[in-house]
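Chain by chain, the residues run as shown.
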Amino acid sequence: MVDKLSDEARQIGSANYYEAVGVTRRDFLQGVVAAGAVSGAGLGAMYFGYDKVTDPVRIGVIGTGDEGSVLIGGCNPDYVTVKAICDIRPYNIHRAFHGDVSSPAAQAARPGLIKQYGYKSEAEARKEVQVYDSSNGGIQAILDDPDIEAIIIALPLFLHAPVAIQAMMRGKHVLTEKLMAHSVAQCKAMARGAQEMTTKGGDPLHLATGHQRHYSVKYDNAINLMRWGMLGQIHHIRAQWHRGNVPGADSWKMPLPGGEAINGTSKRYDKIADQLSSMKRKLDAETDPATAELWAKKIAQWEAWDADKGVDASGHGYEDGSIGDRVRPALEELCRWRLFDRTGGGLMAELGSHQLDAATIFLSSLRNDGKKAHPLSVSAVGGRHIFPHDRDVDDHVYCMFEFPGPEYDPKFGIKYYDRVENYPNPKGEIEGYNTDPAKKVVVTYSTINGNGFGGYGEVVMGTKGTLVLEKEKDVYLYKDSNTSAKVGVKKDGDMAAMDTQASGSMAAPVAQAADSGPVSRGYNEEIEHWAYCIRNPSPENRPRCYPEVAMGDAVIALSTNVAIKNANQGKGGYLQFDPEWFERDSDKTPDGSDVAAEMKALKDWKPV
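Residues numbered from 1 in each chain as written. Predicted model: local features only at pLDDT ≥ 70, side-chain atom pairs only at ≥ 80, totals over all residues. Heavy atoms only, no water.

Chemist: How do you make sense of the overall build of the protein chain when you look at a structure like this?
Modeler: The helix and strand tally for the protein chain stands at 20 helices and 20 strands. Relative to its length of 608 residues, the protein chain is compact, with a C-alpha radius of gyration of 25 Å against a globular reference of 25 Å. With respect to the principal axes defined by its C-alpha atoms, the protein chain has extents near 75 × 55 × 55 Å. Counting the 608 residues in the protein chain, one finds 57% classified as buried. Considering only intrachain contacts with a sequence separation of at least 6, the fraction spanning at least 24 residues in the protein chain is 72%. As presented, the protein chain carries roughly 25300 Å² of accessible surface, and 49% of it is formed by carbon and sulfur atoms. Charge-centre separation for the protein chain: the mean point of 69 positive side chains lies 1 Å from the mean point of 81 negative side chains. (Helix = DSSP H or I, 4+ residues; strand = E, 2+ residues; numbered from the N terminus. Rg over C-alpha atoms; globule rule 2.2 N^0.38 Å. Buried < 20%, exposed > 50% of the residue type's maximum accessible area, 1.4 Å probe, protein only. Contact = heavy atoms within 4.5 Å. Areas by Shrake-Rupley, 256 points an atom, 1.4 Å probe, with all protein chains shown as cover. Lys, Arg positive; Asp, Glu negative; His and termini not counted. Charge placed at Lys NZ, Arg CZ, Asp CG, Glu CD.)

This is the structure we're talking about:
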């Protein structure tokens, strides 16, 4: 996102950010430091207003693949106890216990239950964690387990809604991975179900969705700076998620267990088996005990992966089909579900929803009514530009959203004035969209494959400053667009401003001290707060990404898919958002899905 920034510009931007955070949150951050609550050790609880629970919530995790294993890594034993897991793939069950040893980064993101809960071995862990798979009832059995109070769902997108509804019908709380559901009607059915159903004890059910930026300390600090007027009038947000995936090296098209036919030939290619044989040869030749131990762990993981070839995917809701000029087996739909329309939602659901969620978080923070900001329109195009016809979904998406501009109070300190036009008015007010329809904020977004230049993140541009958020870990702040100027920060009543003439204060070291631990992406905090809300069932306690918020993100992503489809059919990619699409109790949807039909189907759904 900021590849063009020099190391010096990054250092300056980071220093400016900490200076601004330190000044605008001085008292709070001093309390954080005094309490010893640095990242990973209670910082989220202080930022987001929750406490520890005396009785950890007993949870089950359904789907322990890539994202499910990340969420297991976000489970704090002080808040939740994983009592059961459920998956039909041996590979995912293995990683749920042992973590992902394919690389140091994978191990850090997916540490596994043994490490997370301090078990000595898988055998010990299995005494405390029930494993449900195809041999003992799977999803049906874990949903019926009376010892489970709440469910984390990290299944392919098309299964989010049916499993969530079935869990809530049994009085269980739910945290589902993003996107909320496969269609807008399913989202509305889930939201209505959460509103109408209760636990067996009569308490409200908490349905949360894993848009983790709602629990990112970095993003919360960014929101605080915007509210203090540091950026002035926000008028443009630029966001992207660019990846270097190419044919033959695509993270969404992982190797298929058991191998697959090479298109146009009678030959087969089994990458997993080839890698497994190579690892075994390296282990046999290895003399260093530590390296040999690592190879042994990788071999165990790859053997579990290879065992997936024995999974009867067609017996669990996955279907044989065709793609391009070849047959696609049900196992491929299971393993590569993100590539297909029936099971996934494409780039906007998997990646774009994160960026648009961030944009709406920023713009919602400037509203006075506390409501989530929704876009007015989208112009979108996309297509399969570099991959062969091995998927339904696009590999490139480009879109532009118009959001209503917020109103700005005179004290916000916009700091510009045209004497000839007498603008803004003498009171210094900036009218919002509701008064002046010309006042809009444009959000541009692209997500592409084939080139990862810039990575992912957001750039927020205002009349007084620029804020850059890179890969959820680094934040850079600049006065205007000047990336070479160090700034001090001065408070002016309820507002604050950057000043290149002011010397830095002692605030920055306090902000840095409060943020000195590992950078959290929000997974721990979202699960902790969910558990806190479950244990403290009062009206004011609800997850930050509650159903109406998550539904808004899904409407944006799924409506954009509709716009792209229209563009590819020659109808044009411009789509105006109907406000009723965002309303839980309205039956209107942008994608043609039927709320009543979905609710009936979801309540009648039986796991296979």
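This is not the end of the story, as more comes after the structure.
Chemist: Help me out: how do you make sense of the sheet that holds strand 4 (residues 150-153) in this one?
Modeler: An order of 3-2-1-4-5-6 is seen for the 6 strands of this open sheet, with the pairing classed as parallel. Each having just a single partner strand, strand 3 (130-132) and strand 6 (207-210) make up the two edges of the open sheet. Put simply, the sheet's adjacent strands are angled 25 degrees from each other on average, direction ignored. Alignment of strand 5 (residues 173-177) against strand 6, held across 4 bridges, turns out to be parallel. Paired with Val 174 across the two strands is Leu 207, which belongs to strand 6. (Pairing = 2+ DSSP bridges. Axes fitted to C-alpha atoms, helices over the stretch in contact; angles between N-to-C directions.)

Chemist: Could you clarify how one ought to interpret the environment of Ala 106 in this entry?
Modeler: Of note, Ala 106 is situated in helix 6 (residues 104-109). Given the relative accessible area of 9%, Ala 106 is considered buried. Measuring from C-alpha to C-alpha, the distance between Ala 106 and Asp 66 comes to 9.4 Å, with 40 residues separating the pair along the chain.

Chemist: Any chance you could explain the nonpolar core here in plain terms?
Modeler: As a rule of thumb, soluble globular proteins bury nonpolar side chains together. Core analysis: the largest hydrophobic core is formed by 164 residues, its most contacted members being Ile 59, Ile 85, Ile 234, Phe 362, Phe 401 and Leu 467. With residues up to four places along the chain from it excluded, the contact list for Ile 85 reads Val 61, Thr 64, Ile 93, Ala 96, Phe 97, Leu 113, Val 129, Gln 130, Val 131, Tyr 132 and Ile 142. Counting residues in hydrophobic clusters, the runner-up holds 9 residues, among them Leu 276, Met 279, Trp 295 and Ile 299. (Core = buried A, V, L, I, M, F, W, Y, C linked by side-chain atoms within 4.5 Å.)

Chemist: Teacher, can you tell me more about helix 11 (residues 184-196) here?
Modeler: The periodicity of an α-helix, 3.6 residues per turn, causes residues three or four positions apart to be oriented the same way. Taking 1.5 Å per residue as the helical rise, helix 11 with its 13 residues ought to reach 18 Å, and the 18 Å between its terminal C-alpha atoms agrees with that figure. The element helix 11 is extensively covered by neighbouring structure, given that 11 of its 13 residues are classed as buried. Those residues of helix 11 that sit buried are Val 184, Ala 185, Gln 186, Cys 187, Lys 188, Ala 189, Met 190, Ala 191, Arg 192, Gly 193 and Ala 194. (Expected span 1.5 Å × (residues − 1).)

Chemist: I would appreciate a short explanation of the sheet that holds strand 12 (residues 377-383) in the present structure.
Modeler: Whenever strands of a sheet pair, they do so through backbone hydrogen bonds, lying parallel or antiparallel. On the basis of which strands lie adjacent, the open sheet formed by 8 strands has the order 17-16-15-7-14-13-12-20 and mixed pairing. One side of each edge strand has no neighbouring strand; the edge strands of this open sheet are strand 17 (474-479) and strand 20 (574-576). Neighbouring strand axes in the sheet, compared pairwise and without regard to direction, differ in orientation by 15 degrees on average. Bridge count for strand 7 (residues 234-242) against strand 15 (residues 456-462) is 7 bridges, and the pairing is antiparallel. Looking at strand 15, one finds that Ala 239 is bridged to Glu 458. Strands strand 16 (465-470) and strand 17 of the sheet are contacted by helix 1 (residues 7-24), whose axis makes an angle of about 85 degrees with strand 17. On top of the sheet, helix 12 (residues 217-227) reaches strand 7, strand 15, strand 16 and strand 17; it is set at about 170 degrees to strand 16, its chief contact.

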